[in-house]
Amino acid sequence: MNIYQDYLKEIEERKAEGLHPKPIDAAELLWEIIAQIKDTASPYREDSLQFFIYNTLPGTTSAASAKARFLKEIILGESVVEEITPAFAFELLSHMKGGPSIEVLLDLALGADVAIAQAAAEVLKTQVFLYDADTDRLKEAFKNENAVAKDILESYAKAEFFTKLPEVPEEIQVVTFIAGEGDISTDLLSPGNQAHSRSDRELHGLCMITPQAQSEIRGLQVQHPDKSVMLIAEKGTMGVGSSRMSGVNNVALWTGRKASPYIPFVNIAPIVGGTNGISPIFLTTVDVTGGIGIDLKNWVKKVDADGNVVRNENGDPILEEVYSVATGTVLTINTKKKKLYNGDQELIDLSKSFTPQKMEFIKAGGSYAIVFGKKIQTIAANILGIEPAAVFAPSKEISIEGQGLTAVEKIFNKNAVGITQGKVLHAGSDVRVEVNIVGSQDTTGLMTAQELESMAATVISPIVDGAYQSGCHTASVWDKKAQANIPKLMKFMNDFGVITARDPKGEYHSMTDVIHKVLNDITIDEWAIIIGGDSHTRMSKGVAFGADSGTVALALATGEASMPIPESVKVTFKGSMKEHMDFRDVVHATQLQMLQQFDGENVFQGRIIEVHIGTLLADQAFTFTDWTAEMKAKASICISQDDTLIESLEIAKSRIQIMIEKGMDNSRQVLQGLINKADKRIAEIKSGEKPALMPDANAKYYAEVVVDLDVIDEPMIADPDVNNADVSKRYTHDTIRELSFYGNDKKVDLGFVGSCMVHKGDLKIVSQMLKNLEEQQGEVTFKAPLVVAAPTYNIIDELKAEGDWDMLQKYSGFEFSDLLPKNTARTEYENIMYLERPGCNLCMGNQEKAAKGDTVLATSTRLFQGRVVEDAEGKKGESLLASTPVVVLSAILGRIPSIEEYKTAVQGINLTKFAPVAVN
């Protein structure tokens, strides 16, 4: 009974932290519990019943297998448990979501006992998480004229698992809770520094916003027991920055409803709103849980009598409140009229929140059930030789005569499945697409594994070209949490068929390469669709979408994703880059000039940025596509010239080959398959058979942005503007300032060159600057710490071969060692350069941190409050974002340099540049 006693001990420890017993996922513990249930004299029997019924995880966990087998015994009369009748056993099986429970239900439905078979069939008709082995059994039984199998298949073909669900209520009453003013990042809902606890949903739920906010939400629920709490981003966008499933899970845990009475801490149907709507990647995650996302539009720009926007002394538009959503306001959502009301007063139209597809997600309790439901309906109809019933909302197919295609429209048309044959689709169409590349990162990977278990998936879809599980988000510190979580994750994913950063067998060197860089390399076709468990899944080849852990799981299991074809914004460049400018400055200037050209409206939000990148290779172009997450774009596509694309593919091939030589390929030879596909694509381009992807000349865009390179004369810095009097304008990525704004007295406490925003050229720039400054002024000293983290081991190897690593080693006071990884996070820094292990490092905020209240200048992407640096008593932490040369020089000086100091330091250095090409 040691296992059970250990569980009781853990329960007591969790009780001291205000937590309930941890859900059970291990069969060994559950078999002990089952033995105590069978023993009517056991003093632990009552508790064991509660654990068995209410605290066992469903899906393909080993505990779920044990639970299903025991329930089968009860149904067959082989075990008798007074508290669990056969009817109740069937009910419990119906909530187990697939895998072992489906196997048991099929055993019973296809068995000899007619009454049991019919009862099992009724439960099976409600289930959708079936895979090939399950449908093959039904198909075989149907061929053998099994009446029960025929009955089940006919039900599936009619989609009764969906049609018999309760309808969405016509009216949903909500009470508002303003979670914050301005953009609300998913870091507020699920902080990066709590990533280790994401798979423990109850524990992780305690980190949402603040304990005070949680208390206020509970208070609203007590005051309004018949209403749902709607979480709101006042004067901002909800869920920016990340696609974090844990953020939606936390919102659902505090404001949603239980998915099942028998599944602990899995809630669904949260309702969220934002003055400027919901971030697209976050909205996808809300759909996963059958929730509702609302664009409130409750503040608008003030205009004068002539219709001109009224501005304040800073030149910013003045906003006027159209209606109040102050905390505690009771509103009514009408799902049929698709309107939001305050009493009888109509406030806004909600048509975008209640499209036919979204209504299906809400009715089914999430998008997974719809995706799998459509699949099982099609399979059943094919087996029966009939047409599936027209139950689901038809795919929205928009085709505009005489209008050409943007790049994303071309990619979606190539990869679409289930559309009208021969029909060309434009933006706004709602389609299913095949996914070519899938990425899972390590702080969300544990949740992806849970999602795969819950949807009963055991092997990667054969139509996925390649998938990678990274170790970069936990690379900085190999602490007890990482040691407990990461090997388990790597084994699960490796067994599933994913290429993994760590080898569970220990046969190849563990890699902590930044996932986005690896995905950028293994994407070997610019026509590809990529899904990745991070908002910075934005490759410079193909079109990539950052996604929640569940959507990643769905892509791994089915090889598909469903989404509307987004509108595009075309970005081109004119003029030429000045010698002292870096491409990162062009990236920031794009944001600034876009806002200037469109009077403060972010036309990128929720759309594809089609950037005509000219001569820039995929490594360097990623600097732009990566930043598009902070531009609030849905994704980005690079339009590249033939020769440039071929060179990028050759680099990708060489790096994939290195992965193969390390021993990272699997039995399916996925990596070799990618090289073969790259060779085929290169041959197509060279022969002219299929040139590099280009939009049609007559494609239609939502907007076009032309970036003037001639006016970019100073390095550009993205500033969190932490002291802005308007709280809603803090921590956005819209405040872009020139270097000279700061004068010569802006102190820098720490510099960081690293994360996915840097490429090999950036590390060469660090080396070249040190050499340059050494020649100019003698030995270089640092007045602030400089943390340098290369994106990948390959890049370090290349830098060593080219001599740049020697200069970095010369000036480093610390160099990582894989033989001696850090097991505690660094809390204090000396004024030296730290050469850190490849990985995300400070950008993640879950391990390494700057000192509280510091001003950090970094090449990374995040301005979130508390991410890289937390506030100190009386002093706000700042994370300013700039190019590599600006960061390096600032660490050496201990302050932001003047433009003259900067120009001197970079004189003669090969900064990242590109030459735009003329486009129609």
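All of these numbers come straight from a predicted model, not from anything done at the bench. (Residues numbered from 1 in each chain as written. Predicted model: local features only at pLDDT ≥ 70, side-chain atom pairs only at ≥ 80, totals over all residues. Heavy atoms only, no water.)

Visitor: For the pattern of salt bridges, give the residues involved together with the corresponding values.
Guide: Applying the stated criterion across every chain, the model contains 54 salt bridges. Across the pair Glu526 and Arg681 runs a salt bridge, and its minimum N-O distance is 2.5 Å. On the criterion of sequence distance, the pair formed by Glu526 in the loop between helix 21 (515-522) and strand 19 (529-532) and Arg681 in helix 26 (residues 670-687) is long-range, its members being 155 residues apart. Arg681 shares its class with Glu526; the two are buried. (Salt bridge = Lys/Arg side-chain N within 4 Å of Asp/Glu carboxyl O. Helix = DSSP H or I, 4+ residues; strand = E, 2+ residues; numbered from the N terminus. Buried < 20%, exposed > 50% of the residue type's maximum accessible area, 1.4 Å probe, protein only.)

Visitor: Lay out helix 8 (residues 132-143) with the relevant residues and their values.
Guide: Given 3.6 residues to a turn, an α-helix orients residues that are three or four positions apart in the same direction. The terminal C-alpha atoms of helix 8 lie 16 Å apart, and with 12 residues this matches the ideal 16 Å at 1.5 Å per residue to within 8%. For helix 8, every residue scored as buried is listed here: Asp134, Thr135, Leu138 and Ala141. All buried residues of helix 8 lie within an arc of 120° about the axis, which places them on one face of the element. Looking at helix 8, the residues exposed on the side facing more than 90 degrees away from the buried face are Asp132, Ala133 and Lys143. The elements touched by buried residues of helix 8 are helix 6 (100-109), helix 9 (147-157) and helix 17 (367-384). Phi for Glu145, located one or two positions after helix 8, is positive at around 65°. (Expected span 1.5 Å × (residues − 1). Arc of directions from axis to C-beta. Contact = heavy atoms within 4.5 Å.)

Visitor: Account for the sheet that holds strand 14 (residues 416-417), naming residues and giving values.
Guide: One open sheet holds the 3 strands; their spatial order is 14-15-21, and the pairing between them is antiparallel. Across the chains shown, the open sheet's two edge strands, defined by having one partner strand only, are strand 14 and strand 21 (560-564). Pairing between strand 14 and strand 15 (residues 430-434): 2 bridges, direction antiparallel. For Val417, the partnering residue across the bridge sits in strand 15 and is Arg432. (Pairing = 2+ DSSP bridges.)

Visitor: Please give an account of the pairing of strand 33 (residues 878-881) that cites residues and values.
Guide: By the alternation rule, side chains of strand 33 split into Glu878 and Leu880 and Ser879 and Leu881, which are all buried. Two strands pair when backbone bridges link them, and strand 32 (residues 855-858) and strand 33 are joined in this way by 4 bridges, in the parallel orientation. Looking at strand 33, one finds that Thr855 is bridged to Glu878.

Visitor: Can you break down the nonpolar core residue by residue, with the values?
Guide: Membership of the largest hydrophobic core comes to 113 residues, with the highest contact counts inside it found for Phe52, Ile84, Met455 and Leu556. Ranked by the residues each element gives to this core, the list is headed by helix 17, at 9 residues. The residues contacting Ile84, other than those within four sequence positions of it, are Leu49, Phe52, Ile53, Leu71, Ile74, Ala89 and Leu92. Judged by nonpolar contacts, the second largest core, of 84 residues, contains Ala652, Ala678, Ala692 and Leu763. (Core = buried A, V, L, I, M, F, W, Y, C linked by side-chain atoms within 4.5 Å.)

Visitor: Got a sec to walk through the packing of aromatic side chains? Specific residues and values, please.
Guide: Summed over all chains, the structure comprises 20 aromatic pairs. Among the aromatic residues, ring-to-ring pairing joins Tyr4, Tyr7, Tyr44 and Phe51 into one connected group. Cation over ring: Lys67 sits above Phe52, and NZ or CZ is 5.5 Å from the ring centre. Cation over ring: Arg826 sits above Phe814, and NZ or CZ is 4.8 Å from the ring centre. (Phe/Tyr/Trp six-rings, centres within 6.5 Å; stacked < 30°, edge-to-face > 60°. Lys NZ or Arg CZ within 6 Å of the ring centre and 35° of its normal.)

Visitor: Can you break down the packing of helix 9 against helix 17 residue by residue, with the values?
Guide: Closest axis-to-axis distance for the helix 9/helix 17 pair is 7 Å, and the angle between their directions is 125°. Put simply, helix 9 runs oblique to helix 17. Two packed elements cross with a definite hand, and for helix 9 against helix 17 that hand is left-handed. Of the residues in helix 17, those in contact with Leu153, Glu154, Tyr156 and Ala157 of helix 9 are Ile376, Gln377, Ala380, Ala381, Ile383 and Leu384. Of the residues assigned to the contact of helix 9 with helix 17, the class counts are 8 nonpolar, 1 polar and 1 charged. (Axes fitted to C-alpha atoms, helices over the stretch in contact; angles between N-to-C directions. Parallel < 35°, antiparallel > 145°, perpendicular 65-115°, else oblique. Left-handed = near helix turned anticlockwise from the far one by under 90°. Nonpolar A, V, L, I, M, F, W, Y, C, P; charged D, E, K, R; others polar.)

Visitor: Please set out the pairing of strand 7 (residues 271-274) residue by residue, giving values where relevant.
Guide: Residues of strand 7 alternate between two faces, with Ile271 and Gly273 on one and Val272 and Gly274 on the opposite face, all of them buried. Judged from the 4 bridges that link them, strand 3 (residues 228-234) and strand 7 form a sheet pairing that is parallel. Pairing of Ile232 across the sheet is with Gly273, part of strand 7. Judged from the 4 bridges that link them, strand 7 and strand 8 (residues 292-295) form a sheet pairing that is parallel. Residue pairing in the sheet places Val272 in a bridge with Gly293 of strand 8. As for the winding sense of the linkage, the β-α-β connection from strand 7 through helix 15 (residues 280-288) to strand 8 is right-handed. (Right-handed = clockwise from strand over helix to strand, strands pointing away.)

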